[in-house]
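Listed below, chain by chain, are the residues.
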There are 2 protein chains.
Amino acid sequence: MASGMAEGARIRQRNLGEVLRHVHADGAVSRAVLARRMGLNRSTIMGLTAELAAAGLVRENIPRETGRAGRPSLVVMPEPERVYGLAFDVAVDRLVGARVGLGGRVLERREAVRARAGVDLEDVVEVLARFGRELAASAAPDTVCVGVGASYCGMIRRADGMVRYGPQLGWVDQAFGAELGAGLGLGLPVEVGNEAHLGAIAEYVRGAGPGVRNLIYLHGDVGVGGGIIVGGKLLDGDGGYGCEVGHMLVNPFDGRPCLCGSRGCLEAEVGEEALLDYAGRADELVGRDGIRAVVALAESGDVRAREALDRIGDWLGVGVVNLINLFNPALVIFGGMLRDLFHGVAPRVHARIDTHVLPVSRKGVRLAVSALADDTTLAGAAELAFSALLTSPLDTLAARST
Amino acid sequence: MASGMAEGARIRQRNLGEVLRHVHADGAVSRAVLARRMGLNRSTIMGLTAELAAAGLVRENIPRETGRAGRPSLVVMPEPERVYGLAFDVAVDRLVGARVGLGGRVLERREAVRARAGVDLEDVVEVLARFGRELAASAAPDTVCVGVGASYCGMIRRADGMVRYGPQLGWVDQAFGAELGAGLGLGLPVEVGNEAHLGAIAEYVRGAGPGVRNLIYLHGDVGVGGGIIVGGKLLDGDGGYGCEVGHMLVNPFDGRPCLCGSRGCLEAEVGEEALLDYAGRADELVGRDGIRAVVALAESGDVRAREALDRIGDWLGVGVVNLINLFNPALVIFGGMLRDLFHGVAPRVHARIDTHVLPVSRKGVRLAVSALADDTTLAGAAELAFSALLTSPLDTLAARST
């Protein structure tokens, strides 16, 4: 073919990216495993890893004693400090910035409490941009920032990181990505993602479901978000606004009012406000601590707390049932405040599943809590920061190093 | 790379497949358009189309007067009779078999009414296998059957076409694909798919949403099925059992009983039985004709028929709302009996959308009825029949010609 040369170069970049993705996700992976996963022979893999090692992105070590006969396959590991990504998280109660190394290790972090409402774009950007500048300044001089990712609790326009709709902070059409990029002054674009989408990616890459190609991640804070991995890829829909699990209409009759203006949405029926209200503790408790307190009360025999959890669990079960029937996933992961809540509501969720999920899908699904705990969304933002590097390693490194 | 030669051959097969897919879907497409879509130069495209023409799969014609200056780009069209696929449809009230040419044209068909219940595997296979043998026998001697696809109203195991669960015929774990393959005696495997999944593929390839990469197809017969295209691919889930839209729990309180054993499922609330029941016509009307009659009654002023449609439309709206919030699709297509029903229920569906769908997703979505009408599922089965050819044209043709 006339385009054979260009095609060859493209295939090589793609293969370099695939090797680096495996190394980044697994932490340490042998050449033999890489060859098997990628369907390439070991000499081709050796050429690829040598090129990545020469660029300072990976190192190769002799593995510890394997107990097997024969020449051991060299283990390829990420160089965690040659390149880094900046990751930011605008969560319900805090602002976080981190410098993250290849392989996903948090090298350094900054964190601040934030008010739960009435925080505008300038306030958030000012804090995060300062964090980012400090983090970049503290990196060693020969290291390279390869990308910036940010997690936000709202609906995000893919193209430019515009927050289209973020009811918890009252944001509509706020240019978060652009403003944060300007504030950082690194000359890099900021990739912004919805917190639950990013949580799903993080749990898929290095959390509760590594390699589980069909999984659902449910993220609770004040509301409920969803991130759905379909065939190994995030479901984002036509404009990037998919997975709005929290606005599934579960109670069509006399539902609780929702921040979106509707009633009976899943997040209205299972959110923090509903739980504290049903438990009769809305005046004294608040936030994640409040949720943990209600779960503890129920465990110690408080009847009203137990009934509140059952009621919440029943509605959460309706949502989970519908997701399993629609997506036939292998795994459903509960993160954020749903992680705290899960233990207390699991019996009712399972009861709904037993009653309403079709048997063939019921047999194949497992429920779990987030493995990355409170860092799930930050870890997802780091994945965004690394996405260019993991697609075209050498091109990206060259572009960022100038 | 050591595997450069094999890689080159693989790329060529992939490119041949991609050219053939465009020609098959579009019916006629110029070399210039192919070059643009595939990002290849025109001489590469010419080489590919020449190879497909030599194999008898496409022909190239000079287009009609274009009105433009310059050399016209040759138009590539499918040869509809060199190869064919056999497509079968086990629909709610009929059995269909067809010989379908490349490009999707039905060359010949056989159809039989079937009873709505109490039909077992042997009965269905006997009729369809006879259709298939007759259709194959009537093909010209130099033509080649490249594949067999079948649509079934139930949950299908991908690997072997086993009907895991087909409540409308009362089938559980019936080896439909294997038995039909044996009955045909062509030495070809039978690919079986769920009717709504296949309907979605057909509408995406050549129906109401050609090229719309995020669309939802809702198929009504006695129940309601769904086929969901996410990023240009069918959502099938971990075991192939995804998209069970009909068993979305929309009425968690006092829902109507469903064939699946649960209550309040979407298909129970919007199905034929519910409609005829609410309209007070359950004793006199049945099937698609019954549904059309209720829509006609409502249009002519029958209050009870109008109220029945409103009630059905309201529940259907709940289901559609949840799908739009979850999938952020560009298009929702109503097929099967929902096509007949759509006109009568659209106001209520739109009302639910206006109330409950998040604005950013609401703006981007359009509702439509199936463009392929009663042949949607059969057309989807034909796509299954052609799938091997459209992946590796020359290899598949060689394998089937021996």
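All values reported here derive from a predicted model rather than from experimental measurement.

Peer 1: Looking at this structure, how should I read the domain arrangement of chain A?
Peer 2: Put simply, an interface is often sized by how much accessible area is lost when its parts join up. Residue and element names in this part refer to chain A. When its domains are assigned, chain A resolves into domain 1 (4–78), domain 2 (83–198 + 376–401) and domain 3 (210–371). On a C-alpha basis, the centroid separation for the pair domain 2 and domain 3 is 27 Å. On the domain 3 side, the residues contacting the 17 residues of domain 2 number 24 residues. Between domain 2 and domain 3, a total of about 1700 Å² is buried, with carbon and sulfur atoms accounting for 52% of that surface. Summed over the shared surface of domain 2 and domain 3, the number is one salt bridge. Here Arg158 makes a salt bridge to Asp236, at a shortest N to O gap of 2.5 Å. At the surface where domain 2 touches domain 3, the tally comes to seven residue pairs in polar contact (both at pLDDT 80 or more). The residue makeup of the side of domain 2 that touches domain 3, split by class, is seven nonpolar, five polar and five charged.

Peer 1: Help me understand helix H6 (residues 195–206) of chain A, please; the structure alone is not making it clear to me.
Peer 2: Each α-helix turn comprises 3.6 residues. Residues three or four places apart therefore point the same way. Residues and elements named next belong to chain A. The end-to-end C-alpha separation of H6 is 16 Å, in line with the 16 Å expected for 12 residues at 1.5 Å each. In terms of burial, H6 is a largely internal element, 10 of the 12 residues being buried. Taken together, the buried positions of H6 are Glu195, Ala196, His197, Leu198, Gly199, Ala200, Ala202, Glu203, Tyr204 and Val205. The opening residue of H6, the one whose side-chain oxygen lies 2.8 Å from the backbone nitrogen of Ala196, is Asn194.

Peer 1: So what exactly am I meant to see when it comes to the sheet that holds strand E5 (residues 94–101) of chain B here?
Peer 2: In a beta sheet, neighbouring strands are held together by backbone hydrogen bonds and run either parallel or antiparallel to one another. Residues and elements named next belong to chain B. Sheet architecture is open: five strands sit in the order E6-E5-E4-E7-E11, paired in mixed fashion. On the outer flanks of this sheet lie strand E6 (106–113) and strand E11 (190–194), each paired with one strand and no other. Across the sheet, the mean angle separating the axes of adjacent strands is 15 degrees when strand polarity is ignored. Direction of pairing for strand E4 (residues 83–90) relative to E5: antiparallel, over a ladder of seven bridges. If you follow Ala87 over to E5, its bridge partner there is Ala98. Contacts between helix H6 (residues 195–206) and the sheet are confined to strand E7 (144–152) and E11, with E11 contributing the most and set at about 95 degrees to the helix. Sheet strands touched by helix H13 (residues 376–391): E4, E5, E6, E7 and E11. Its angle to E4, the strand with the most contacts, is close to 140 degrees.

Peer 1: What am I meant to see in the environment of Leu57(A) here?
Peer 2: Residues and elements named next belong to chain A. By the element assignment, Leu57 lies in the loop between helix H3 (42–54) and strand E2 (58–61). With a relative accessible area of 0%, Leu57 lands in the buried category. Considering only alpha carbons, one finds Leu57 and Met77, 20 residues apart in sequence, at a separation of 8.8 Å. Once residues within four sequence positions are removed from consideration, Leu57 is found in contact with Leu20, Leu52, Met77, Pro78, Glu79, Val83, Leu102, Leu389, Pro393, Leu394 and Leu397.

Peer 1: Would you take a moment to explain the interface of chain B and chain A for this structure?
Peer 2: The interface is formed by 55 residues belonging to chain B together with 55 residues belonging to chain A. Roughly 4400 Å² of surface becomes buried between chain B and chain A when both sides are summed, with 64% attributable to carbon and sulfur atoms. Summed over the shared surface of chain B and chain A, the result is zero salt bridges. Where chain B touches chain A, the interface holds 20 residue pairs in polar contact (both at pLDDT 80 or more).

Peer 1: Hey, could you run me through the relation of the copies chain B and chain A in this one?
Peer 2: Under the fitted operation, chain B is carried onto chain A by 0.0 Å of movement along the axis and a turn of 180 degrees, and the coordinates agree to an RMSD of 0.0 Å. Taken together, the turn and the small shift mark the pair as related by a two-fold rotation axis. For chain B, the smallest separation between a C-alpha atom and the rotation axis is recorded for Val250(B), amounting to 3.3 Å. Looking at chain B, 100% of its interface residues are interface residues in chain A too, so the copies touch through the same face.

Peer 1: Is there a simple way to explain helix H4 (residues 121–137) of chain A in this structure?
Peer 2: The end-to-end C-alpha distance of H4(A), which contains 17 residues, comes to 24 Å, matching closely the 24 Å that a straight helix rising 1.5 Å per residue would cover. Residues of H4(A) that are buried sit in contact with strand E4 (83–90), strand E5 (94–101), strand E6 (106–113), strand E10 (171–174) and helix H5 (176–184) of chain A.

Peer 1: Mind showing me how you'd approach the packing of H6(B) against H13(B) here?
Peer 2: All names here are of chain B. In the contact formed by H6 and H13, the axes pass within 7 Å of each other and the chain directions differ by 80 degrees. Of the possible angle classes, the one that applies to H6 and H13 is roughly perpendicular. Contacts between H6 and H13 pair Glu195, Leu198, Gly199, Ile201, Ala202, Glu203, Val205 and Arg206 from the former with Thr376, Thr377, Ala379, Gly380, Ala381, Glu383 and Leu384 from the latter.

Peer 1: Hey, could you run me through the nonpolar core in this one?
Peer 2: As a rule of thumb, nonpolar side chains are buried together in soluble globular proteins. Judged by nonpolar contacts, the single largest core of 97 residues is most densely connected at Ile228(A), Phe327(A), Leu341(A), Ile228(B), Phe327(B) and Leu341(B). Every residue in contact with Ile228(A), bar those within four places of it in the chain, is listed here: Ala200(A), Leu215(A), Ile216(A), Lys233(A), Leu234(A), Leu235(A), Cys243(A), Val245(A), Leu323(A), Phe327(A) and Leu326(B).

Peer 1: Whenever I open this one, the packing of aromatic side chains confuses me. Can you help?
Peer 2: The geometry of an aromatic ring pair comes down to the distance between the two centres and the angle between the two planes. Under the definition given, this model contains 12 aromatic pairs over all chains. An aromatic cluster is defined as three or more aromatic residues linked by ring pairs; in this entry it consists of Phe253(A), Trp315(A), Phe253(B) and Trp315(B). One cation-aromatic arrangement involves Arg99(B) over Tyr84(B); the distance from NZ or CZ to the ring centre is 5.4 Å. Against the face of Tyr278(B) rests Arg311(B), its NZ or CZ located 3.8 Å from the ring centre.

Peer 1: Help me understand the environment of Arg366(A), please; the structure alone is not making it clear to me.
Peer 2: Residue and element names in this part refer to chain A. Looking at the element boundaries, Arg366 is found in strand E16 (residues 366–369). For Arg366 and Gln174, which are 192 residues apart along the polypeptide, the C-alpha to C-alpha distance reads 38 Å. Those residues in contact with Arg366, other than ones at most four positions away along the chain, are Ala208, Ala330, Leu331 and Val332.

Peer 1: Where do I start with a positive patch on the surface in this structure?
Peer 2: A cluster of like positive charges, contributed by Arg213(A), Lys233(A), Arg213(B) and Lys233(B), occupies part of the molecular surface. Following the sequence through the fold, Lys233(A) ends up in strand E14 (residues 233–234). Exposure remark for Lys233(A): the relative accessible area of 63% places this residue in the exposed category.

Peer 1: In this structure, what is going on with the sheet that holds E16(A)? I would like to understand it.
Peer 2: Residues and elements named next belong to chain A. Sheet architecture is open: five strands sit in the order E14-E13-E12-E15-E16, paired in mixed fashion. The strands lining the two open edges of the sheet, one partner per strand, are E14 and E16. Bridge count for strand E12 (residues 215–220) against strand E13 (residues 224–230) is six bridges, and the pairing is antiparallel. Note on E13: the bridge partner recorded for Ile216 is Ile228. Against the sheet, H6 contacts E12, E13, E14 and strand E15 (331–336), and its axis sits at roughly 45 degrees relative to E13.

Peer 1: Explain a negative patch on the surface here, please?
Peer 2: Residues and elements named next belong to chain A. On the surface, Asp120, Glu122, Asp123, Glu126 and Glu179 cluster together into a patch of negative charge. For the negative patch, the element with the most residues is H4, which contributes three residues. One can find Glu179 in helix H5. Glu179 sits in the partly exposed class, given a relative accessible area of 40%.

Analysis parameters
Residues numbered from 1 in each chain as written. Chains lettered and ligands numbered in written order. Predicted model: local features only at pLDDT ≥ 70, side-chain atom pairs only at ≥ 80, totals over all residues. Heavy atoms only, no water. Domains from an automatic or database assignment. Contact = heavy atoms within 4.5 Å. Buried area = accessible area lost by both parts, 1.4 Å probe. Salt bridge = Lys/Arg side-chain N within 4 Å of Asp/Glu carboxyl O. Polar contact = N/O pair within 3.5 Å; in protein donor to acceptor, adjacent residues only side chain to side chain. Nonpolar A, V, L, I, M, F, W, Y, C, P; charged D, E, K, R; others polar. Helix = DSSP H or I, 4+ residues; strand = E, 2+ residues; numbered from the N terminus. Expected span 1.5 Å × (residues − 1). Buried < 20%, exposed > 50% of the residue type's maximum accessible area, 1.4 Å probe, protein only. Pairing = 2+ DSSP bridges. Axes fitted to C-alpha atoms, helices over the stretch in contact; angles between N-to-C directions. Least-squares fit on C-alpha atoms with pLDDT ≥ 70 in both. Parallel < 35°, antiparallel > 145°, perpendicular 65-115°, else oblique. Core = buried A, V, L, I, M, F, W, Y, C linked by side-chain atoms within 4.5 Å. Phe/Tyr/Trp six-rings, centres within 6.5 Å; stacked < 30°, edge-to-face > 60°. Lys NZ or Arg CZ within 6 Å of the ring centre and 35° of its normal. Patch = residues over 30% accessible without salt bridge, like charges linked within 9 Å, V, L, I, M, F, W, Y side chains within 5 Å. Areas by Shrake-Rupley, 256 points an atom, 1.4 Å probe, with all protein chains shown as cover. Lys, Arg positive; Asp, Glu negative; His and termini not counted. Charge placed at Lys NZ, Arg CZ, Asp CG, Glu CD.

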